[in-house]
Amino acid sequence: MSDTPIDLDALRHRIDDLDADILRLINERAACAQHVAQVKSAEDPATVFYRPEREAQVLRRIMALNKGPLDSEEVARLFREIMSACLALEQPIKVAYLGPEGTFTQQAALKHFGESAVSLPMAAIDEVFREVEAGAVNYGVVPVENSTEGVINHTLDSFMDSSLRICGEVVLRIHHHLLVGEATRQDKVSRIYSHPQSFAQCRKWLDAHYPHAERVPVSSNAEASRLVKTEWHSAAIAGDMAAKLYGLTRLAEKIEDRPDNSTRFLIIGNQDVPMSGEDKTSIVVAMRNQPGALHDLLEPFHRHRIDMTRLETRPSRSGVWNYVFFIDFKGHCDEPHVAAVLEEVRVRAAEVKVLGSYPFGVL
Ligand SMILES: O=C(O)C(=O)C[C@]1(C(=O)O)C=C[C@@H](O)C=C1
C-alpha cells in the first residue's frame, strides 16, 4: 500500500488518531445505550435493562462482520466489555456465583457479563439461587454439566424448588494445572489438593505422574490453591484464575485427561428472554411410573424434528412422581413448532415446567 506510513513515529501517530476515533465512537455508543435506558423506563417503569437476546445478536453480528486481522473471538471479547460498560451505565448489574473467588464459575460470570458487572461469591449453589430469589442480586451463575464428569446434580435439584428462569448459558474450556507455591519443594510433592470433580478430570495424568501422592479432596480449587501456599510438600490442581489470585506457579500445564474438557454454566434470573434467532429451551418433566413413559415423552420431539441436546433423569423428591427428566432442546418456546411439542408433552406428563428459553452461548 503506497499510503502506509513506514516509520515508527508515523505509525504511532496513526494509532493515536485511530484511538481518538475509537474513543469518540465508544462514547457515542455509550450515550446511545443511556438513551435506550430512558426509552425502556418510559415504556415500563419495572423494565429490565439486561437483554440477553440482544447481547447475543450484537456479538454474533460482530463476529460475522469481522474481517480480521483480529480473530473473531477476540473481537467479540472486546465488544463483550464495551457492552458490559454500556449496560453498567444503564443499571449496575450484581451477579452471584458459586465461589469462592478464583473458581471457574467466577471466570464464567466474567466471560458472560464482562468486567463492569459486580460479582459476588456464594458458598453453595442453593445460596446463589436464594440471593437471586431474594432480589439481593440481579442474576446468578451456577455450573450445570461437565463434558468429562457429567451433570451437576445440585444445580438440577435446585431448579425443582425454584421459580427462577434460565436466561443464558456459558461454556468454558476447562484447563487444569498442577500449581505450587514459592515454598514448595517441587521434587517432594507428596500431597495434592483439589475439588473431587477436578481429580476425576485429571485422574489418568495423576496416576501416571504422581501415583504415590496423597489426593486430598477440598470444597473448591480456589481453596486447594489457598492451602498449598503454606505447605512445602503440597500442590494444587486448579485453573488460571486461582493461580493468579494466590500467586502460584505452574509445575505442569493442561493436565486434564481430555483436551476438550469443558463445563457449561447457567445464568439464572427472573426474566423470560425473547427469541435471539439461535436459542435453546430447558424443561423439567415429571412422569408417572408406567411402561412406555419415556417413549411417550420423547415421541413428540422426534415427530416435530426437534433436536434434543441433553436428557437427564433425576429421582423425584416428592412422592407423587417417580421420574423427573431434565431436557434441553434447540428452539425457543415462542416458536410455533416448539409450543406445539410443549402442548403435547403437557398432556402426557404429570407436570411440565419450562425453565427458560435462552440464546446459545456465543463466546
Ligand atoms: O439494546 C439494548 O436493550 C441495550 O440496552 C443496549 C445494550 C448494548 O450495549 O448494546 C446494553 C445492554 C443490553 O443488555 C443489551 C444491549
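Since we're looking at a predicted model, the values are computed, not measured.

Draft legend 1. Up close: a nonpolar patch on the surface. On the surface, Leu18, Ile22 and Ile26 cluster together into a nonpolar patch covering about 230 Å² of accessible area. By secondary structure assignment, the location of Ile26 is in helix α1 (residues 8–43). For Ile26, a relative accessible area of 33% puts it in the partly exposed group.

Draft legend 2. Spotlight on the sheet that holds strand β13 (residues 308–315). Here four strands make up an open sheet; going across it, the order is β13-β14-β12-β15 and the pairing antiparallel. Each end of this open sheet is capped by a strand with a single partner; those strands are β13 and β15 (351–359). On average, each strand axis in the sheet is inclined to that of its neighbour by 15°, with strand direction left out of account. Sheet topology places strand β12 (residues 279–287) next to strand β14 (residues 323–330); eight bridges connect them, and they run antiparallel. Within β14, the residue paired with Thr281 across the bridge is Phe329. Along the sheet face, helix α11 (residues 293–303) touches β12, β13 and β14 and points at about 15° away from the line of β14.

Draft legend 3. Representation of the sheet that holds strand β7 (residues 191–194) within the structure. Taken together, five strands build an open sheet; the order of strands is β8-β7-β9-β6-β10 and the sheet is mixed. Strands with a single pairing partner mark the edges of an open sheet, and in this sheet they are β8 (214–217) and β10 (249–252). Shown here is a sheet whose adjacent strand axes are inclined to one another by a mean of 35°, direction ignored. Alignment of β7 against β8, held across four bridges, turns out to be parallel. For Tyr193, the partnering residue across the bridge sits in β8 and is Val216. Contacts from helix α9 (residues 221–228) reach β6 (177–180), β7 and β9 (234–238), with the element oriented near 155° to β9.

Conventions adopted
- Residues numbered from 1 in each chain as written.
- Predicted model: local features only at pLDDT ≥ 70, side-chain atom pairs only at ≥ 80, totals over all residues.
- Heavy atoms only, no water.
- Patch = residues over 30% accessible without salt bridge, like charges linked within 9 Å, V, L, I, M, F, W, Y side chains within 5 Å.
- Areas by Shrake-Rupley, 256 points an atom, 1.4 Å probe, with all protein chains shown as cover.
- Salt bridge = Lys/Arg side-chain N within 4 Å of Asp/Glu carboxyl O.
- Helix = DSSP H or I, 4+ residues; strand = E, 2+ residues; numbered from the N terminus.
- Buried < 20%, exposed > 50% of the residue type's maximum accessible area, 1.4 Å probe, protein only.
- Pairing = 2+ DSSP bridges.
- Axes fitted to C-alpha atoms, helices over the stretch in contact; angles between N-to-C directions.
- Contact = heavy atoms within 4.5 Å.

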